[in-house]
There are 2 protein chains.
Amino acid sequence: MQLTRAADYAVRVMIHLSTLPPGTRLSREDLAAVSEVPVHFLGKILQMLARERLIDSHRGVTGGFSIRCDPERTTMLQVLEVVEGPLFLNSCVNPAQKCKRADWCAAHRLWAEAQHQVAVVLSSATLAQLARESMERKSENGPCALADIKPWN
Amino acid sequence: MQLTRAADYAVRVMIHLSTLPPGTRLSREDLAAVSEVPVHFLGKILQMLARERLIDSHRGVTGGFSIRCDPERTTMLQVLEVVEGPLFLNSCVNPAQKCKRADWCAAHRLWAEAQHQVAVVLSSATLAQLARESMERKSENGPCALADIKPWN
């Protein structure tokens, strides 16, 4: 029961974009560097985020990726679900699977409860809150080389 | 972020064995039937459970599998961890990975919190409690054909 790398990387990218002024564009390479994500893997993740309108993709010399969703209203759970699909900690709690043990299986109840708790935690903070928290902690932890990367505006 | 089928099946098997009188032996085929687990997949799961001393494996004509651990003291989390290894919702919360973003990354804090909640829920009930709850609910939901399977004692 572990998050996919793709979802982890998507969250990193979205939080980083949320630290920047609205409209700021970053290249795939710069996003890969600041989020510490392998460049070759990032392309597909950015496509998913753009398809679901969490980010915009701009072509051309001054192109790149910018945030499209409102980071004050978008949660970590929403980013996760763009990449992994709806959160189901176990397939038995996916109503589409119609688990025939659901009526009596006590494990089913516990999986559902665990899933509810995960959803509550991952919905408890917006990207904007996480971006602010990360920036505050970064500044407490001293200067950071990644801040030297210049975004295009 | 989804439980492996192996861990789901292990939990089903362990709860079912916990519904039976101590020492009761069930064949792999009967365990597969009552737990609704593919027989070909169950062998490896039973090996893992036996290796970690949650069950005993008995050879011979009256052989089979019986519970070895104390179901009053064994939780769903312990069964899960026998199959999947220690619970880490994201690799960044695994101390062995030494995530260098942990000091400032706000997502890290949220993954850790979500993981803590999952651990709390999955540790909140023992196999014995889950077995009793399942049996009570089964009886409320009417007679069950699976009860016809005869264990060896």
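Before reading on, note that the structure itself is shown above.
Because the structure is predicted, anything quoted here is derived from the model rather than measured. (Residues numbered from 1 in each chain as written. Chains lettered and ligands numbered in written order. Predicted model: local features only at pLDDT ≥ 70, side-chain atom pairs only at ≥ 80, totals over all residues. Heavy atoms only, no water.)

*Asks:* Explanation requested: the relation of the copies chain A and chain B in the structure shown.
*Replies:* One copy of the chain maps onto the other through a rotation about an axis plus a displacement along that axis. Turning chain A through 180° and shifting it by 0.0 Å along the axis lays it on chain B, with an RMSD of 0.0 Å. In the structure described here, the two chain copies are related by an operation that fits a two-fold rotation axis. Every residue of chain A has its C-alpha some distance from the rotation axis, and the shortest such distance is that of A:M1, at 2.7 Å. Interface residue correspondence from chain A to chain B reaches 100%, placing this contact among same-surface, isologous pairings. (Least-squares fit on C-alpha atoms with pLDDT ≥ 70 in both. Contact = heavy atoms within 4.5 Å.)

*Asks:* Got a minute to help me understand the interface of chain A and chain B in this structure?
*Replies:* It is common to give the size of an interface as the accessible area lost on bringing the parts into contact. Chain A puts 44 residues into the contact, and the matching count from chain B is 44 residues. Summing the contributions of chain A and of chain B, the shared interface buries around 4,200 Å²; its carbon and sulfur component is 60%. Its largest share of buried area at the contact with chain B, chain A owes to A:M1, A:R101 and A:W104, together 18% of the area lost on that side. Where chain A packs against chain B, one counts 6 salt bridges. Of the charged contacts, one joins B:E36 and A:R101 as a salt bridge, the two residues approaching to 3.1 Å between their closest N and O atoms. The interface formed by chain A and chain B contains 18 residue pairs in polar contact (both at pLDDT 80 or more). The greatest single-element share of the side of chain A that touches chain B, amounting to 11 residues, is contributed by helix α5 (residues 106-122) of chain A. Each residue belonging to the side of chain A that touches chain B can be placed in one class, and the counts come to 23 nonpolar, 8 polar and 13 charged. (Buried area = accessible area lost by both parts, 1.4 Å probe. Salt bridge = Lys/Arg side-chain N within 4 Å of Asp/Glu carboxyl O. Polar contact = N/O pair within 3.5 Å; in protein donor to acceptor, adjacent residues only side chain to side chain. Helix = DSSP H or I, 4+ residues; strand = E, 2+ residues; numbered from the N terminus. Nonpolar A, V, L, I, M, F, W, Y, C, P; charged D, E, K, R; others polar.)

*Asks:* Any chance you could explain the packing of helix α6 (residues 127-140) of chain A against helix α5 (residues 106-122) of chain B here in plain terms?
*Replies:* For the pair α6(A) and α5(B), the least separation of the axes is 8 Å and the interaxial angle reads 115°. Regarding the angle of α6(A) to α5(B), the classification is roughly perpendicular. Between α6(A), through A:L130, A:E133, A:S134 and A:R137, and α5(B), the contact on the second element is made entirely by B:A106, B:A107, B:R109 and B:L110. Looking at the contact of α6(A) with α5(B) residue by residue, the class counts come to 4 nonpolar, 1 polar and 3 charged. (Axes fitted to C-alpha atoms, helices over the stretch in contact; angles between N-to-C directions. Parallel < 35°, antiparallel > 145°, perpendicular 65-115°, else oblique.)

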